[in-house]
Amino acid sequence: MAPLNVIKPSASQNQPRVNGYAFQYRAVDSPVHRMGAGWKLLLGTALCAAAIGGTNPFLLAALLIVNAGYYFLARLSVAELARDLWFFLIQMAVVIVLYMMRYGVPEGIWPGVRTSLRILLFFLPGIILLRTTRISQMMYSMRRILPYRLAFLVFTSLRFIPFFAREVREIAMAQRLRGAHLAPRELLNPRNWQDLMNCLLLPLIIRALKTADEAALSAEARAFGSYPKRSYWNSANYQNSSGKTAAVNDMEIKETL
Amino acid sequence: MASLLEIQNFSYTYQGAPGPALADISLAVNPGECVCVTGLSGCGKTTLLLAVKGLLYQGAASGTITVGVPGASSNGSTAGMVLQNAESQILCTAVSEEVAFGPENLCVPAEEIGDRVETALQAVGLNEYGSRTVEQLSLGQKQRLAIASVLSMQPQLLLLDEPTSQLDGPGKIQLLEVLQQLKSRGHALLITEHDLGPLHQIADWFVTMENGAIKNVTRKSPAHIAPEATPSSGRRSSGITRVLAARNLSLAYTGTGEVLKNLNITLARGELIHLFGCNGAGKSSFLRCVTGFLSPQSGEVEIAGIAGPRPEQLLGKVGFLFQNPQRQLFEDTVFAEVSFSLKRMRCDTGEVRQRVMDALSLCSVDHLVSRSPLTLSFGEQHRVALASVLAPQPELLLLDEPFAGLDFPQRYKILGILSELRERCGTTVVIVSHDRLPDPLWADRVLILEHGAIECN
């Protein structure tokens, strides 16, 4: 099919419309982006294992430096790091306070720091994987381990993280104006957790089911599952060689009908 | 000329449904032809597209649907379908990846997929966006991406379910240019739509459906008949009591820049306002600022007599109906849903009952009082959600894109309810939308949000 006339995007359309969300794929070129998804999974597994086993402060400090280097090698910014770690920083504060309440000050500080840091270091490699790896790359890497339908199910759900982040915010706003106790400060009170369940999580689950239906229909309408296997195209090199796309390395059709 | 799509006496009944969703449909679409299907919500438009695409299962079907020219070779998919909601049909994180998804499923060789992706993105004017993530696109761009992701499968027939419903004026124009070009290249288009206005220039035939059957087929677009009582003939604004005042409101996002720039607005009690702006103009940000969900970088807000409000202070004073208000329904019965805010306001039982019944009656859903909100039709859910925000009789009612997904009679009905609300309670009503109102005479004032500031039309 020959290309049709191109509609030129206006300058304003070139501006990103969102500020970005935690754990969202970042489309830049970096050594980590170029690394195969399989290698990233292996490296991530090793770093997670080290975080689980690491109790020594020097080992934890070294792991922290390695993870930070890994993160910034992926050309991710400090603002993105802050967005990714926001929940973990809250977790750290809560854990440290609980340890101090249990063991006193200063005895509880180091165990609290150690435990919360290990939790953070356990999840950070996974965050970097999500930030630097496209869904198709992950599906391609996992194709020998997981059936492609299952891999699709797992990795497509990642695409909807920003979507559901928006949904949570909007449903919470609507319900708060109706009188539900869903402000962050109000949710510290367990008596308001019923509102969290009824007014936010229940509508969210209904919304998720509906979205899953629509996504499944969209996949089916585009022939997903029509054949026992599918081909893989590496989108990472799109726009290389004067806008020409490239099928890279061994990513060629492996399956035939 | 051989038809690309030929439907003969097709009927379909969903499993467990009392009647057919499609009844004895016969229709033909030729290459290079655009057929636009319209009708009330629930008349069977989407079911018709799903039937053509072969995505209906388990129900009882009769008749035949033939897609594609007999004997013609095809190295792609014969029919491609673009669903109504671009947001939920996009499955991948990167633009080029999304466009490659269909050909990958068809086992097209990787070398060929690259060319298909490039061509499809060019066809919808997104070729400069291939390496971007989907979240960086505007809604209009997402809609065009959804079309590109189907075009890459090289279908001869394109099925589009309400493709313009979520787009603003410029988005519609761009989409229509794309569709016009596809049509001129020989693609056949079967489009379902409520608002036929934008499609006049490309549609060859208009098909009107009613209760699952084709009512008529015309060359000319069927007109919407507005009810006589819709215009806001009731009590006009006194112009004295101020309900909302924002002064020098400025808001900026990192990466996006300034969204609101020294915005000033004052609304009086009892006014009916239409706040109009394109997608991304900052309408939703403005609403969040005035209701205390976002803190502006500078400026002052006073709403319902509260300066610098927090959302919790606005209970009973300000009602806010978000886009797709069905999302806020969660109770077991319609009565419980509508009474939720009143109970939180600690109204006594008698008052709760009275106000709930008033609100349900106003929204014409009082006969559903014992039903579960989740089992209602889309339009009914919409009105139950509206009843739940107007039951406390707020001073100010804000509605963000309240007509999304509704057919024209339902839109007129909503306008009628809002006029009646002003008449009964003196409520100030603000409708925020990217589209014109079904009745342009409804609003006392039309405010246009553009470049971060508001101007009065």
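Because the structure is a prediction, the values reported are computed rather than measured.

A. Representation of the interface of chain A and chain B. Of the residues lining the interface, 71 residues belong to chain A; the matching set on chain B comes to 78 residues. For the side of chain A that touches chain B, the elements supplying multiple residues, two or more each, are α6 (135-142), α7 (148-159), α8 (161-177) and α9 (193-221) of chain A. If you tally residues by element for the side of chain A that touches chain B, the top one is α9(A), at 14 residues. The residue inventory of the side of chain A that touches chain B, partitioned by class, reads 38 nonpolar, 18 polar and 15 charged.

B. The sheet that holds strand β7 (residues 188-192) of chain B, seen in detail. All names here are of chain B. Reading across from one edge, β5-β6-β7-β3-β8-β9 is the order of the six strands in this open sheet, with mixed pairing throughout. Both outer strands of the open sheet, β5 (79-82) and β9 (213-218), are each paired with one neighbouring strand and no more. Averaged over all adjacent pairs, the angle separating strand axes in this sheet is 20°, with direction ignored. Strand direction decides the pairing type here: strand β6 (residues 157-161) and β7, joined by five bridges, are parallel. By the bridge assignment, Leu159 is partnered in β7 with Leu190. Contacting β5 and β6, helix α5 (residues 139-151) crosses the sheet at an angle of about 160° to β5.

C. Local environment of the pairing of β6(B). Residue and element names in this part refer to chain B. By the criterion of burial, β6 is predominantly enclosed, with five of the five residues buried. Going residue by residue along β6, you find Leu157, Leu159 and Asp161 tucked away on one face and Leu158 and Leu160 tucked away on the opposite face as well. Looking at chain direction, β5 and β6 are connected through four bridges and run parallel. Opposite Gly80, over in β6, you have Leu158 as the bridge partner.

D. Geometry of the domain arrangement of chain A. Partitioning chain A into domains gives domain 1 (17-145) and domain 2 (160-222). The C-alpha centroid of domain 2 of chain A is placed 26 Å from the C-alpha centroid of domain 1 of chain A.

E. Representation of the environment of Arg371(B). All names here are of chain B. Following the sequence through the fold, Arg371 ends up in the loop between α9 (349-362) and α10 (378-390). Along the sequence, Arg371 and Asp332 sit 39 residues apart, while their C-alpha atoms lie 7.9 Å from each other. Dropping the residues within four chain positions of it, Arg371 is found in contact with Thr333, Val334 and Leu376.

F. Spatial organisation of the confidence of the model for chain A. All names here are of chain A. When pLDDT is averaged across chain A, the result is 81; 84% of the residues are at 70 or more. At the level of individual helices and strands, chain A shows its lowest average pLDDT in helix α10 (residues 240-243), which scores 42, and its highest in helix α3 (residues 57-73), which scores 94. A low-confidence stretch, residues 1-19 (pLDDT under 50), is modelled with 36 contacts involving residues beyond four sequence positions or located in other chains. Note on residues 240-257: pLDDT under 50 across the span, and 35 contacts to partners over four residues away in sequence or across chains.

The rules behind these values
Residues numbered from 1 in each chain as written. Chains lettered and ligands numbered in written order. Predicted model: local features only at pLDDT ≥ 70, side-chain atom pairs only at ≥ 80, totals over all residues. Contact = placed C-beta atoms within 7 Å. Helix = DSSP H or I, 4+ residues; strand = E, 2+ residues; numbered from the N terminus. Nonpolar A, V, L, I, M, F, W, Y, C, P; charged D, E, K, R; others polar. Pairing = 2+ DSSP bridges. Axes fitted to C-alpha atoms, helices over the stretch in contact; angles between N-to-C directions. Buried ≥ 20, exposed ≤ 12 C-beta atoms within 10 Å, placed from the backbone. Domains from an automatic or database assignment. pLDDT = per-residue confidence, 0-100.

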